[in-house]
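Descriptive analysis of the structure
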Amino acid sequence: MTTAPTPVPTTPAATDLGGGAGASATAPTTPTPRRRSRRRPGGASWLATLPLFLFFVIGFGLPAVAIVIGAFTTSSDAEGGAGQFTFDNITASVQGAYWTSMVSSLKLSALTALLATLIGLPIAQAVVTSRRGWLRQAVLTASGVLANFGGLPLAFAFVATLGNAGEVTKLLHLTDHGWSLYSFTGLTIVYLYFLIPLMVLTITPALDGLRVQWREAAHNNRATTVQYWRHVALPILLPSLLGGFVLLFGSAFAAYATAAAMVGATVPLVSRSIADALSGNVLVGQGNLALALSLNMIVVAVLVMAVYLPLQRRSARWLS
């Protein structure tokens, strides 16, 4: 009686590495790694954004709705009663002295934003190209402080320095040359005090994004520094420059405390007109006129943001 031979399992070590007749008919297989499926954040993770959403609704949404409703309704001191739909508030806000204040605010904001952009760009470029790290840190730190320095302290500082009895005014006899801080020119200089540092902070990351290879390639092609800035650097920085200009325009347009404390009603501004309307310095039956003026400012702010956000995305795409 004979027994059948027990089959021996083929192992990778028993296969012929040379691929000869003794090679196994089946090659060893390696396990395929499983792909890890990315789990999408569930509903619980969105709860973290709920406080921010509530803050936005309470702090911005409800006041905006109240302004829109009040701008198109009569006030409590109107003859026909409160809450009636009307266009009189909007019509009055774009006529007479109120329209003059709106135009003056737009001129002041555009002029100061343009000057701050033109002055802040070379300052930021000098800081970026400087070999002294402490100078960069000092300028950026000072810019962060000065960009947030405003209101009554800024007005007092300029009145004590360049006012009619200011130290610099008396030292240089500026009043003899027709200088007045309480004018459109004086207010422009005050606004530049915090807009130029803001421009330095805004444009510095864009200047850091300019690659050294671009400048070297331009110089290898015998391009001068002016040609490099005209044909290479400025076209790339143009979205950032326009975005910075729009940001400065919005900051100057919304400023109130400094101008109110320094010039008062000497320079007509829409923010000052809103304050006068809220304090009761309006005609009878037009108490909601301040809300109509506020709505005009909101429209300008929305237009500013509609221009700023696409420019910011385009600049990030170029410099990333």
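This text goes with the structure placed above it.
Bear in mind the structure is a predicted one, so any value in this text is a computation, not a measurement. (Residues numbered from 1 in each chain as written. Predicted model: local features only at pLDDT ≥ 70, side-chain atom pairs only at ≥ 80, totals over all residues. Heavy atoms only, no water.)

Taken together, Leu-111, Leu-114, Leu-115, Leu-118, Ile-119, Ile-123 and Phe-184 make up a surface patch of nonpolar side chains, about 540 Å² in accessible area. Among the elements that make up the nonpolar patch, the one with the highest residue count is helix 3 (residues 96–129) (six residues). With relative accessibility at 56%, the residue Leu-118 sits in the exposed group. (Patch = residues over 30% accessible without salt bridge, like charges linked within 9 Å, V, L, I, M, F, W, Y side chains within 5 Å. Areas by Shrake-Rupley, 256 points an atom, 1.4 Å probe, with all protein chains shown as cover. Salt bridge = Lys/Arg side-chain N within 4 Å of Asp/Glu carboxyl O. Helix = DSSP H or I, 4+ residues; strand = E, 2+ residues; numbered from the N terminus. Buried < 20%, exposed > 50% of the residue type's maximum accessible area, 1.4 Å probe, protein only.)

Here we take up the side chain of Asn-89. Examined against the element boundaries, Asn-89 turns out to sit in helix 2 (residues 88–93). Of the polar contacts made by the side chain of Asn-89, one reaches the backbone oxygen of Ala-71; its length is 3.3 Å. (Polar contact = N/O pair within 3.5 Å; in protein donor to acceptor, adjacent residues only side chain to side chain.)

With 22 residues, helix 1 (residues 50–71) extends 30 Å from end C-alpha to end C-alpha; this agrees with the ideal 32 Å at 1.5 Å per step. Approximately 35° is the largest bend angle found in helix 1, and it occurs at Val-57. Listing the buried residues of helix 1 in full gives Ile-67, Gly-70 and Ala-71. (Expected span 1.5 Å × (residues − 1). Bend = angle between axes of the 7 residues up to and from the residue.)

Glancing now at the nonpolar core. The biggest cluster of nonpolar side chains holds 54 residues, and the ones touching the most others in it are Leu-187, Tyr-191, Ile-203, Leu-207 and Met-262. For this core, the elements supplying multiple residues, two or more each, are helix 3, helix 5 (152–162), helix 7 (184–208), helix 9 (225–254), helix 10 (257–262), helix 11 (270–278) and helix 12 (289–319). Among the nonpolar cores identified, the runner-up in size contains five residues, and Ile-67, Ala-71, Ile-90 and Leu-295 belong to it. (Core = buried A, V, L, I, M, F, W, Y, C linked by side-chain atoms within 4.5 Å.)

What follows deals with the pattern of salt bridges. Considering all chains together, one arrives at two salt bridges under this definition. Of the charged contacts, one joins Arg-136 and Asp-208 as a salt bridge, the two residues approaching to 2.7 Å between their closest N and O atoms. With Arg-136 in helix 4 (residues 133–146) and Asp-208 in helix 7, this residue pair connects regions lying 72 residues apart in the sequence. For Arg-136, a relative accessible area of 23% puts it in the partly exposed group. Take Asp-208: its relative accessible area is 39%, and that puts it in the partly exposed class. Arg-272 is the partner of Asp-276 in a salt bridge, and the nearest nitrogen-oxygen pair spans 3.8 Å. Of this pair, Asp-276 and Arg-272 both sit in helix 11, four residues apart, which is roughly one turn of the helix. Taking relative accessible area as the criterion, Asp-276 reaches 22% and is therefore assigned partly exposed.

By themselves, these observations are geometric and do not establish any function.
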